[in-house]
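Each chain, written out:
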Amino acid sequence: MLVISCIKQVPDTTQVKIDPVTNTLVREGIPFIVNPYDTHALEEGLALKDRYGLRSVALSMGPPNTVATLKKACALGVDEAILLSDRAFGGADTLATSQVLAAAIERLAEKDEVGIVFCGKQTIDGDTAQVGPGIATRLGFTQLTLVDRIEWLDLNKKRIRVRRKLEGRHEIVEAPLPVVITAVRELNRPRYPTVPMRLTAELTEVTVWDNQVLKLDVETVGLKGSATWVSKIFSPERDQGEIIGDGIGDPVGTAHLLLEKMLSKDLLAI
Ligand SMILES: Cc1cc2nc3c(=O)[nH]c(=O)nc-3n(C[C@H](O)[C@H](O)[C@H](O)COP(=O)(O)OP(=O)(O)OC[C@H]3O[C@@H](n4cnc5c(N)ncnc54)[C@H](O)[C@@H]3O)c2cc1C
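Residues numbered from 1 in each chain as written. Predicted model: local features only at pLDDT ≥ 70, side-chain atom pairs only at ≥ 80, totals over all residues. Heavy atoms only, no water.

S.K.: An account of unusual backbone geometry is requested, with residue identities and associated values reported.
M.R.: Across the junction of Leu177 and Pro178, the peptide omega takes the value 0°, indicating a cis bond. Structurally, Pro178 can be placed in the loop between strand S9 (169-176) and strand S10 (179-183). In this structure, Asp127 is a non-glycine residue whose phi angle is positive, near 60°. Within the secondary structure, Asp127 is located in the loop between strand S6 (114-120) and helix H4 (131-139). Even without glycine at this site, Lys158 takes up a positive phi of about 55°. (Helix = DSSP H or I, 4+ residues; strand = E, 2+ residues; numbered from the N terminus.)

S.K.: Before we move on, could you go through the sheet that holds strand S4 (residues 55-61) and cite the residues and values that matter?
M.R.: Sheet strands line up and pair through hydrogen bonds in the backbone, either parallel or antiparallel. Pairing is mixed across the open sheet formed by nine strands, whose spatial order is S9-S8-S7-S10-S6-S1-S4-S5-S11. Lying at the two open borders of the sheet, with one neighbouring strand each, are S9 and strand S11 (207-209). The average angle at which neighbouring strand axes cross in this sheet is 35°, direction not considered. Across three bridges, the pairing between strand S5 (residues 80-84) and S11 is parallel. Looking at S11, one finds that Leu83 is bridged to Val208. Strand contacts of helix H3 (residues 94-109): strand S1 (2-6), S4, S5, S6 and S11, with the helix running at about 150° to S4, the strand carrying the most contacts. (Pairing = 2+ DSSP bridges. Axes fitted to C-alpha atoms, helices over the stretch in contact; angles between N-to-C directions. Contact = heavy atoms within 4.5 Å.)

Following this line, the structure appears as structure tokens:
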């Protein structure tokens, strides 16, 4: 049985620049990381592989340089890493992204039964949290979002029980496999690869599937298949207040400046 972890390569958010004309990300010179929630999706897939002998697959849609992200998954021990990359997939919104990911999962299911698909709760760049549910809907899988614990997995009965982290409460849910699970940070503590694991990963091949493989209607993927587009990106106007110091560059100095300011205005008086 397969456990698939969907991982997205995202820009390191502190460094993001937006092209003011096209409203798209300026990719040149930006370091990329695995979306933090997806490291938990990956870890749980590997934990289920270790515990139940499931075959683990890491899946990502993105430009060719996404191979680097998938190599990180290889270093951690996934059995297979697959990149979905084609010019036709570019410029995808969540609708078109989940369409391509679901098609790849269907293709994997032709050879081996898919039990669980893990996604992160959301990404740190798009932040929509729509892709996991979008995949589940397309595949007709049960969706278990915001999961912070796998209570048990019964491979004979093909059932799973999870705990969902909701606002101020938890919910225990049981469902038949196959399921799509979206992971929150509390689900696990991601492992780190050792140097030998990293070196082995460098020799591991990442499989690349383009649209010749997936054979999707090009009208339903990428920019053409996207139902939404970004018309404007902006920071809200700040109508009052004053920025004091450089909190990121000099947090200690900034704290002193803030304290002085508050003392001078008698804001700390009891
Ligand atoms: C009009 C438009 C154009 C866009 N163009 C681009 C573009 O050219 N390049 C680009 O990178 N982004 C682009 N995006 C954003 C990109 O399509 C979204 O990041 C993507 O649809 C996922 O949405 P999200 O980041 O909000 O994911 P969320 O729904 O927040 O992600 C939830 C989870 O889904 C999984 N997931 C999401 N995306 C992927 C992926 N690509 N591969 C594997 N797993 C994934 C991860 O597990 C993730 O944690 C565009 C968005 C719009 C609206």
